[in-house]
Amino acid sequence: DVKVTQSSRYLVKRTGEKVFLECVQDMDHENMFWYRQDPGLGLRLIYFSYDVKMKEKGDIPEGYSVSREKKERFSLILESASTNQTSMYLCASSLGRYGTQYFGPGTRLLVL
Amino acid sequence: EDQVTQSPEALRLQEGESSSLNCSYTVSGLRGLFWYRQDPGKGPEFLFTLYSAGEEKEKERLKATLTKKESFLHITAPKPEDSATYLCAVQPSLHGSGNTGKLIFGQGTTLQVKP
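Nothing here was measured: the structure is a model prediction, and the numbers come from that model.

Caption draft 1: Quick look at the state of the cysteines. Residues and elements named next belong to chain A. Scanning all chains against the criterion turns up two disulfides over all chains. There is a disulfide in this structure between Cys23 and Cys91, and the S-S distance comes to 1.9 Å. Here the disulfide of Cys23 and Cys91 is left-handed, its torsion about the S-S bond being about -75 degrees. In this pair, Cys23 sits in strand β3 (residues 19-25) while Cys91 sits in strand β9 (residues 87-94), placing the two residues 68 residues apart along the sequence. Comparing Cys23 with Cys91 shows no difference in burial state: the two are buried.

Caption draft 2: Expanded view of the sheet that holds β3 of chain A. All names here are of chain A. With antiparallel pairing, the four strands of this open sheet are ordered in space as β1-β3-β8-β7. What marks the edges here is a single partner per strand, and that holds for β1 (4-6) and β7 (64-70). For this sheet, the mean inter-axis angle between neighbouring strands, taken without regard to orientation, is 20 degrees. Sheet topology note: the β3/strand β8 (residues 73-78) ladder contains six bridges and is antiparallel.

Caption draft 3: Highlighting the pattern of salt bridges. Going through the model one piece at a time under the given rule, you end up with 11 salt bridges over all chains. Lys53 of chain A is paired through a salt bridge with Glu69 of chain A; the nearest N and O atoms lie 2.4 Å apart. Taken as a pair, Lys53 of chain A in the loop between β5 (42-49) and β6 (56-57) and Glu69 of chain A in strand β7 lie far apart in primary sequence, 16 residues in all. The exposure class assigned to Lys53 of chain A is exposed, which follows from its relative accessible area of 59%. Look at Glu69 of chain A and you get exposed, because its relative accessible area is 51%. Across the pair Lys63 of chain B and Glu56 of chain B runs a salt bridge whose closest N-O atoms are separated by 3.7 Å. The exposure class of Glu56 of chain B is partly exposed, given its relative accessible area of 49%. In the salt-bridge network here, residues are joined through shared partners; they are Arg36, Asp38 and Arg44 of chain A.

Caption draft 4: Representation of the side chain of Thr65 of chain B within the structure. All names here are of chain B. Mapped onto the elements of the fold, Thr65 is located in strand β7 (residues 62-66). With relative accessibility at 12%, the residue Thr65 sits in the buried group. A polar contact is formed between the side chain of Thr65 and the side chain of His74, at a distance of 3.4 Å. Excluding residues within four positions of it along the chain, Thr65 makes contact with Leu50, Glu55, Glu56, Glu70, Ser71, Phe72 and His74.

Calculation rules
- Residues numbered from 1 in each chain as written.
- Chains lettered and ligands numbered in written order.
- Predicted model: local features only at pLDDT ≥ 70, side-chain atom pairs only at ≥ 80, totals over all residues.
- Heavy atoms only, no water.
- Disulfide = S-S within 2.5 Å.
- Helix = DSSP H or I, 4+ residues; strand = E, 2+ residues; numbered from the N terminus.
- Buried < 20%, exposed > 50% of the residue type's maximum accessible area, 1.4 Å probe, protein only.
- Pairing = 2+ DSSP bridges.
- Axes fitted to C-alpha atoms, helices over the stretch in contact; angles between N-to-C directions.
- Salt bridge = Lys/Arg side-chain N within 4 Å of Asp/Glu carboxyl O.
- Polar contact = N/O pair within 3.5 Å; in protein donor to acceptor, adjacent residues only side chain to side chain.
- Contact = heavy atoms within 4.5 Å.

Have a look at this one:
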């Protein structure tokens, strides 16, 4: 079974803090994705990565950056958290660019 | 613009009452259509992938079908444990809006099955 894990289920941060969300997959997938999910807006792609040290912007990259130093790990960084980044963050991975995406359990982030 | 619309937004069924969820899509080229189940506070769980019109996939009480413009998720004799939000997503093809492999999600149908 594919397993995607995320470092935290719940996080509470202050405005202006730097926030790190980590995602690890154990299936040797090349591709990893970060989405955010908001009521009424659905899932939206923030960033994705096709390989180690590779990254590409998704639909809503503003205010975020990512890091992929190892194949199994993909980090999402909020450089200076803002209240409008309060959301559910979901990581996914896939084998091959068009493979099925398997999701982690999500991190619910609250920025005060 | 690539777009996915799911209906209804919410559906309440009695246990055993069969129904269908709809996913309408507009995409310049379809590589695949995905169905996921999401329980409250959890990540989406993969159910099915459909690739071409006429294709059908089944899993327990669920059956997914695909036409050129929409997909249906049929739920036969649902049980309370089928209560969840069902998400539909399309993956544009290489010649569609970019070749990123990204998924475009609908907003989901929240299903409640009462005993």
